[in-house]
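# Notes for the structure review
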Amino acid sequence: MSQLNLFIELTRLKKPIGFMLLFWPCLWGLTIIYDFNGDLKKYFFYSFLFLSGAILMRSAGCIVNDIVDKNFDKKVERTKNRPIASGQISITLASIYALTLCAIAFLVLINFNNFTIIMAMISMPLAFTYPLMKRITYWPQLFLGITFNYGLVLAWISISNEISLIPIVFYIGAIFWTLGYDTIYGFQDIKDDEIIGVKSTSIKFKKYPKKFLYVSYCIFILSLILIGILMKFKFYYFVLMIFPTMHLLIFQIRKLNFDSPSDCLEKFKSNNFLGLIIFLNLIIAKTI
């Protein structure tokens, strides 16, 4: 039982925000490509597969991240008690866990068409080298965005078996969404990060963070509007855009207190709700 609790802590299964931020782009991509006039069984089945994949890969990613960052985590107040950093789980056992999770994720992946499988495998090196980026660049959040939102493209090609401009535009916009919310997340540890020498957009833009967030989120909002135009959505999609826009620009940025780690965490977690809002907008636009 103690090992099970350590495994749950290691994979952050008690913190679903991580895998939900990985899942929402998948669901968005699946929703905009799916023909809702037909049988919905495939839509629900693929949604389940993408959710399973998000949980499995996010869990494996957390383990790899903790292995790579174990010496850094020991020096950060928020992370010093993580199972690997505190020595409660060995690197060998953690590696076995990660490989097992990846193997199960592959069993999920093979349910899709060959193009989706190939495209997913291509992204693997980036997914597992992301933890190293904070050592060499102030833009690790950009690499996280490229990795975390890749499921949007995979979901599109899982149905269409081809790529097009629409998922690419949406994907690029979603990268800026991640760039924004993970910058907010990074402000929790900014003091410790500066001391130990790791880099982030939170540190790079600490003198004018709100300007950076406004730019990032406005690009994301613009991509959502452009998607509506390319998909020829009806006018009410654009009216409903007021809700994610207000959430991003007013609640997340205007009301954000960068000096409060708890407020930064609250604003970061609110992106799960944002993902739901955007999904509802898309499902309404596609079905009504």
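The paragraphs below set out a description of the structure included in this document. A quick note: this is a predicted structure, and the numbers were derived from the prediction, not measured. (Residues numbered from 1 in each chain as written. Predicted model: local features only at pLDDT ≥ 70, side-chain atom pairs only at ≥ 80, totals over all residues. Heavy atoms only, no water.)

With that out of the way, let us pick up the nonpolar core. Ranked by internal contacts, the top residues of the largest apolar core, which has 85 residues, are Trp28, Phe170, Trp177 and Phe220. Per-element tally for this core: the top contributor is helix H2 (residues 17-33), with 13 residues. Trp177 has contacts with Leu21, Pro25, Trp28, Asn149, Tyr217, Phe220, Leu248, Asn271 and Leu274, leaving out every residue within four places of it along the chain. (Core = buried A, V, L, I, M, F, W, Y, C linked by side-chain atoms within 4.5 Å. Buried < 20%, exposed > 50% of the residue type's maximum accessible area, 1.4 Å probe, protein only. Helix = DSSP H or I, 4+ residues; strand = E, 2+ residues; numbered from the N terminus. Contact = heavy atoms within 4.5 Å.)

Enumeration over the complete set of coordinates arrives at 26 aromatic pairs. Between Phe36 and Tyr43 the ring centres are 4.9 Å apart and the planes differ by 65°, which places this aromatic pair in the edge-to-face class. One aromatic cluster is present, formed by Trp28, Phe170, Trp177, Tyr181, Tyr185, Phe220 and Phe268 through successive ring pairs. Note that Lys199 overlies the ring of Tyr138, its terminal NZ or CZ placed 5.4 Å from the centroid. In this structure, Lys267 packs its charged tip against the face of Phe251, placed 4.8 Å from the ring centre. (Phe/Tyr/Trp six-rings, centres within 6.5 Å; stacked < 30°, edge-to-face > 60°. Lys NZ or Arg CZ within 6 Å of the ring centre and 35° of its normal.)

This paragraph deals with helix H6 (residues 114-129). For an α-helix, 3.6 residues make a turn, and residues three or four places apart therefore share a direction. Roughly 30° is the biggest bend found in H6, and it falls at Ser123, with proline Pro125 one to four residues downstream. Every buried residue belonging to H6 is among Thr116, Ile117, Met119, Ala120 and Ser123, and all of these are buried. The elements touched by buried residues of H6 are helix H5 (91-109) and helix H9 (150-160). (Bend = angle between axes of the 7 residues up to and from the residue.)

Below, the discussion takes up the pattern of salt bridges. This structure, assessed with the given rule, holds 8 salt bridges. Here Arg12 ties to Asp66 by a salt bridge, and the two come within 2.8 Å at their closest N and O atoms. Of this pair, Arg12 sits in the loop between helix H1 (2-11) and H2 while Asp66 is found in helix H3 (residues 41-68), placing the two residues 54 residues apart along the sequence. In this structure Arg12 comes out as buried when scored by relative accessible area, which is 9%. Note on Asp66: relative accessible area 1%, which makes it buried. Residues Asp189 and Arg78 are paired through a salt bridge, measuring 2.4 Å at the closest nitrogen-oxygen approach. Placement of the pair is Asp189 in the loop between helix H10 (165-186) and helix H11 (190-196) and Arg78 in the loop between helix H4 (70-73) and H5, with a sequence separation of 111 residues. (Salt bridge = Lys/Arg side-chain N within 4 Å of Asp/Glu carboxyl O.)

Further remarks concern the side chain of Asn281. Along the chain, the position of Asn281 falls in helix H17 (residues 271-287). Overall, the relative accessible area of 5% leaves Asn281 in the buried class. Not counting chain neighbours up to four residues away, the residues in contact with Asn281 comprise Tyr237, Leu240, Met241 and Pro244.

Turning our eyes to something else, we now look at a nonpolar patch on the surface. A grouping of Leu165, Ile225, Leu226, Ile229, Leu230 and Phe238 is seen on the molecular surface, where their side chains present a nonpolar patch of about 480 Å² in accessible area. If you tally residues by element for the nonpolar patch, the top one is helix H13 (residues 209-230), at 4 residues. Secondary-structure assignment places Leu165 in helix H10. (Patch = residues over 30% accessible without salt bridge, like charges linked within 9 Å, V, L, I, M, F, W, Y side chains within 5 Å. Areas by Shrake-Rupley, 256 points an atom, 1.4 Å probe, with all protein chains shown as cover.)

Moving on, we come to the packing of H10 against H13. H13 packs onto H10 with a crossing angle of 155° between their chain directions and a minimal axis gap of 8 Å. As summarised for this structure, H10 and H13 are arranged roughly antiparallel, according to the angle between their axes. The crossing of H10 and H13 is left-handed. Its residues assigned to classes, the contact of H10 with H13 shows 19 nonpolar, 5 polar and no charged. (Axes fitted to C-alpha atoms, helices over the stretch in contact; angles between N-to-C directions. Parallel < 35°, antiparallel > 145°, perpendicular 65-115°, else oblique. Left-handed = near helix turned anticlockwise from the far one by under 90°. Nonpolar A, V, L, I, M, F, W, Y, C, P; charged D, E, K, R; others polar.)

A few words on the state of the cysteines. Here a disulfide denotes a covalent bond joining the sulfur atom of one cysteine to the sulfur atom of another. Scanning the model with the defined rule gives 0 disulfides in all. Lacking any disulfide linkage, Cys26 is separated from the closest cysteine sulfur, that of Cys62, by 16 Å. Cys218 supplies the cysteine sulfur nearest to Cys264, a cysteine that is in no disulfide, at a spacing of 19 Å. (Disulfide = S-S within 2.5 Å.)

Position of Gly53 among the secondary structure elements: in helix H3. The sequence separation of Gly53 and Cys26 amounts to 27 residues, and the corresponding C-alpha distance is 10.0 Å.

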